[in-house]
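# Observations on the model geometry
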Amino acid sequence: MITYRLNRHEYHVPDRWEDLVPSDNGKFIRVCQAFGLFETGKMDFRTMEVAVTSALLGLDASMIPEQNDILAENIYRLSERMRFPYSFQDCEDGSRTVSVTIRLHENLLPSVRNWKGYVFHVSEDGIVDCNLTAEQYVDTLSLMDLYTRSRKTEILDSLFMTLYRRTGNRSSKSSSNSSKITNRIPYGYKLAVYYNMRGILEWIKTLPDFRIIFSSDGRKNKVTGSPLGIAGSIFTLSKSGYGTLQEIRNLDLMSYLGTLVQMNIDSIYSLHSVGLKPGEIADKMNLPLDCVLPYIVTDNQE
């Protein structure tokens, strides 16, 4: 946290994503609205930067210039210190590109009005509490990929219905008037659900235990977040003998990813047993060589 004194008030402003907690969800929603405008070309980076900083301070960015020049200058200076939500890349032509970087290990929106959300929380000792199923995960990946490419609001509706359930009511997925129901949920909340899940998925990808399923050698493109293809991963696991289709669908997310890891390791063993060399296995499985080598037993090691 950055402790900042402004107009006789002391603010504790996050300087990393881990500082945000569910009680900050109002600020988070405003941050996500700024992200959405930036990523759709409706807001330039400098304006977004100030909007994000103002949101985290709990201030109205549109009112800052009208209050006083000193306050505006302080906000601008503080925004220059807050770099954790962004990634910068220098280009060969001397220009610089900026992208939104979000990495979360918690659902900051555990409930939205009378809707109960999924559980995702990581304790201080690294234990993950998650009730997302493999089926929800696969559906979520498909919807998020569609929304990232199209930015259509109706896809956010479907994503919300996949991850949230109405309390004291039947499953939202079976509701025939789902579009009317989700229309009652403010757009900002649904957009925040998208960015929250995007941040969680990015955090999961950083875990060393899952590197083998999220790494690519760069010669081919893997489907985002799904090493076997979004639609086919559950079927492939079942066909390979890791459980029935229903058993795989009902696996909790972390167990499902662990099963994918095991299947990839088993594939390395199998390919090596029929004479393929490490480089050939890496090429065939679209993996960096250093993901394959730990599972290859050479004659010297034996």
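As the structure is a computational prediction, the values presented were derived from the model and not from experiment.

## Things to note about the overall build of the protein
- Within the protein, the regular secondary structure consists of 14 helices and 9 strands.
- Contacts spanning at least 24 positions in sequence make up 63% of the contacts within the protein whose residues lie at least 6 apart.
- A total of about 16100 Å² of accessible surface is found on the protein, and carbon and sulfur atoms cover 48% of it.

## Description of the pattern of salt bridges
- Scanning the model with the defined rule gives 11 salt bridges in all.
- Put simply, Arg151 and Glu39 hold a salt bridge, and the shortest N to O gap is 2.7 Å. Here Glu39 lies in helix α1 (residues 25–39) and Arg151 lies in the loop between α5 (134–150) and α6 (153–163), a separation of 112 residues in the sequence.
- Glu49 is the partner of Arg83 in a salt bridge, and the nearest nitrogen-oxygen pair spans 2.2 Å. Of this pair, Arg83 sits in the loop between α4 (69–81) and β3 (86–90) while Glu49 sits in helix α2 (residues 45–57); the two residues are 34 residues apart in sequence, bridging distant segments of the chain.
- Through salt bridges that share partners, Arg46, Glu49, Glu80 and Arg83 make up one connected network.

## Regarding the sheet that holds strand β9 (residues 165–166)
- On the basis of which strands lie adjacent, the open sheet formed by 3 strands has the order β5-β6-β9 and antiparallel pairing. Of all the strands in the sheet, the pair left with one neighbour each is β5 (111–112) and β9.
- As judged from the 2 bridges shared by strand β6 (residues 115–116) and β9, these two strands associate in the antiparallel manner. Across the sheet, the residue bridging to Trp115 is Arg166, located in β9.

## Observations concerning the pairing of strand β1 (residues 2–6)
- Only one face of β1 is covered, namely the face carrying Ile2, Tyr4 and Leu6; the face carrying Thr3 and Arg5 is uncovered.
- Relative to strand β2 (residues 9–13), β1 runs antiparallel, the two being bridged by 5 bridges. Bridging from a neighbouring strand, Arg5 pairs with Glu10 of β2.

## Looking at the pairing of β3
- As paired elements, β3 and strand β4 (residues 96–100) share 5 bridges and run antiparallel to each other. Bridge assignment links Tyr86 to a residue of β4, and that residue is Val100.
- Hairpin connection, β3 to β4: the antiparallel pair is bridged by 5 residues, and Gly94 has positive phi, about 90°.

## Side note on helix α8 (residues 187–205)
- For α8, which comprises 19 residues, the first-to-last C-alpha distance of 28 Å matches the rise-based estimate of 27 Å (1.5 Å per residue) to within 8%.
- Buried residues dominate α8, accounting for 15 of its 19 residues.

## Some remarks on the nonpolar core
- Membership of the largest hydrophobic core comes to 92 residues, with the highest contact counts inside it found for Phe28, Met48 and Tyr256.
- Discounting chain neighbours no more than four positions away, the residues touching Phe28 are Trp17, Leu20, Ile102, Leu104, Leu108, Ala192, Tyr195 and Asn196.

## A short note on the confidence of the model for the protein
- Confidence in the prediction for the protein averages 86 pLDDT; 86% of positions are at 70 or higher.
- For the stretch residues 220–228, pLDDT sits under 50, and the model shows 27 contacts to residues farther than four places along the chain or on other chains.

## Considering the side chain of Ser215
- As for its placement among the helices and strands, Ser215 is situated in the loop between α9 (211–214) and α10 (233–239).
- Here Arg211 takes part through its backbone oxygen, which lies 2.7 Å from a polar atom of the side chain of Ser215.

## As for the packing of helix α12 (residues 253–273) against helix α13 (residues 278–285)
- The geometry of α12 relative to α13 is characterised by a closest axis approach of 10 Å and an angle of 135° between their N-to-C directions. Between α12 and α13, the crossing angle belongs to the class labelled oblique. Classified by chirality, the crossing of α13 by α12 is right-handed. For the pair α12 and α13, contact is made by Asn264, Ser267, Ile268, Leu271 and His272 and by Ile281, Lys284 and Met285, respectively.
- For the contact of α12 with α13, the per-class residue count stands at 4 nonpolar, 3 polar and 1 charged.

## A few points about unusual backbone geometry
- The phi angle at Arg113 is positive, at roughly 55°, despite the residue not being glycine.
- As for its placement among the helices and strands, Arg113 is situated in the loop between β5 and β6.
- You will see that Arg151, though not glycine, has its phi angle at about 60°, which is positive.

Rules of the game
- Residues numbered from 1 in each chain as written.
- Predicted model: local features only at pLDDT ≥ 70, side-chain atom pairs only at ≥ 80, totals over all residues.
- Heavy atoms only, no water.
- Helix = DSSP H or I, 4+ residues; strand = E, 2+ residues; numbered from the N terminus.
- Contact = heavy atoms within 4.5 Å.
- Areas by Shrake-Rupley, 256 points an atom, 1.4 Å probe, with all protein chains shown as cover.
- Salt bridge = Lys/Arg side-chain N within 4 Å of Asp/Glu carboxyl O.
- Pairing = 2+ DSSP bridges.
- Buried < 20%, exposed > 50% of the residue type's maximum accessible area, 1.4 Å probe, protein only.
- Expected span 1.5 Å × (residues − 1).
- Core = buried A, V, L, I, M, F, W, Y, C linked by side-chain atoms within 4.5 Å.
- pLDDT = per-residue confidence, 0-100.
- Polar contact = N/O pair within 3.5 Å; in protein donor to acceptor, adjacent residues only side chain to side chain.
- Axes fitted to C-alpha atoms, helices over the stretch in contact; angles between N-to-C directions.
- Parallel < 35°, antiparallel > 145°, perpendicular 65-115°, else oblique.
- Left-handed = near helix turned anticlockwise from the far one by under 90°.
- Nonpolar A, V, L, I, M, F, W, Y, C, P; charged D, E, K, R; others polar.

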